[in-house]
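Results of the structural survey
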Amino acid sequence: MKIRSKEKALIIGIYAAMILILAGAVLFYQKVERTPLVPDDGTEFARAVVLEVTSEEPAREGIDAGNQQLRLKITSGNHKGEIVEGSSMNGYLYGAYCEEGTKVIVRLSEYDGSVAASVYNYDRELPILLIVVFFLAMMWLVGGKRGIHSITALVFTFVLILALYIPLMYIGCSPFLAAVFCVALITSLSILLIGGITRKSLCAIIGTVAGVVAAGVIALIFGKAAHISGNNVENIETLVYIGQNTKLNISEMLFSGILISSLGAVMDVAMSVSSALTEISEKSPGISRKELFGSGMQIGRDMIGTMSNTLILAYVGSSINTLMIIYAYQYSTHQVFGMYSIGIEIMQSLSGTLGIILTVPFVSAVSAYAMHKKK
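Residues numbered from 1 in each chain as written. Predicted model: local features only at pLDDT ≥ 70, side-chain atom pairs only at ≥ 80, totals over all residues. Heavy atoms only, no water.

On to helix α2 (residues 125-170). Here α2 spans only 27 Å end to end across 46 residues, well under the 68 Å set by a 1.5 Å rise per residue. At glycine 144, α2 shows its largest bend, some 140 degrees. Just past α2, the residue glycine 172 takes up positive phi, approximately 110 degrees. (Helix = DSSP H or I, 4+ residues; strand = E, 2+ residues; numbered from the N terminus. Expected span 1.5 Å × (residues − 1). Bend = angle between axes of the 7 residues up to and from the residue.)

Written out as structure tokens, the structure reads:
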């Protein structure tokens, strides 16, 4: 009974710490003053439903994507309940092909008391909400109590990134240091929630932070050698404009993102190795530190292959469009390796994987030292 009451008290304490940190992060988020980058011209985005397609111009091949004139009923915002005339250009990224009853997001502009509407895109809020709810429900039903803890850790991570990591970079903090700080918070509370305040958890936390920081440092070194920085990414014009009006350090953003993206895989490896060494030390109290370290390395070797594939394939999947363009246009080898996009993908995938690889000796060494028991 005492053990269970201690576990409950520990869980309550960790949840309380998470709530306090999230409350502080949200308060910080609200206090940050953001420079207006778009003039306030009365433009508003709102939800709407198509009442009628009044006219339609079919797409002309190779020229445009077609145009529709619509009657729309606004269902949110300042003009909720109003019926307005609008248009929709059915493009690949913006607009929508509308029929009666289609739910859309519209851009509203007001001139001389009249409201003009143009369809921005389909209304995807309900499908997104449903799949998120289904995902959380499956984690709960399949994972049970641990699933609830996993959901809590996931929500904590998501909110902390949006409410703390992004604003810290916005106000001029080093993106790399902001990422390290957030990684340390996320790792500590997530692992403590799952493993409790034990040597196993402490070793996993130290190994995770060390592995993630190693991935970032390797990326920085590679970027310096290959002349790659955060200024070579997509949407750089928009980021430069933001940087000119804020204190954002654009060049470090790319490398700080590597810390965040590799965190999940590195944490998994660190916790698995630490848990295995804890079990070994409990079953074999007389085992030496050298033997514990060797066992950790052997366990880690079995994990490196699969986890490395997981991370690399994730990056390959995200760059599949670029790979198809390279294949179709038959780029030469020199041209391919000279592309910034390819260099960035290689840097991200390999530095993240090296973070996983280096986590194994880090956590093995820390665990061997912490869990060794003298006869």
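Don't stop here, the text continues.
So, about the packing of α2 against helix α3 (residues 175-195). Working note: a packed helix pair is described by the angle between its axes plus the distance between those axes. At a closest axis distance of 10 Å, the pairing of α2 and α3 adopts a crossing angle of 165 degrees. It follows that α2 is roughly antiparallel to α3 by the angle criterion. Taken as a pair, α2 and α3 cross one another with a handedness that is right-handed. Of α3, the residues touching α2 (which contributes Arg146, His149, Thr152, Ala153, Phe156, Thr157, Leu160, Ile161, Leu164, Tyr165, Leu168 and Met169) are Pro175, Ala178, Ala179, Phe181, Cys182, Leu185, Ile186, Leu189, Ser190, Leu193 and Ile194. In terms of residue class, the contact of α2 with α3 is made up of 18 nonpolar, 4 polar and 1 charged. (Axes fitted to C-alpha atoms, helices over the stretch in contact; angles between N-to-C directions. Parallel < 35°, antiparallel > 145°, perpendicular 65-115°, else oblique. Left-handed = near helix turned anticlockwise from the far one by under 90°. Contact = heavy atoms within 4.5 Å. Nonpolar A, V, L, I, M, F, W, Y, C, P; charged D, E, K, R; others polar.)

Glancing now at the sheet that holds strand β3 (residues 83-89). Hydrogen bonds between backbone atoms are what pair the strands of a sheet, whose relative direction is either parallel or antiparallel. As summarised here, the arrangement of the 5 strands in space is β1-β2-β3-β5-β4, forming a closed barrel in which the pairing is mixed. The average undirected angle you get between the axes of adjacent strands in this sheet is 45 degrees. Across 8 bridges, strand β4 (residues 103-111) lies against strand β5 (residues 114-122) in antiparallel orientation. Residue pairing for β5: tyrosine 111 is matched across the bridge by serine 114. (Pairing = 2+ DSSP bridges.)

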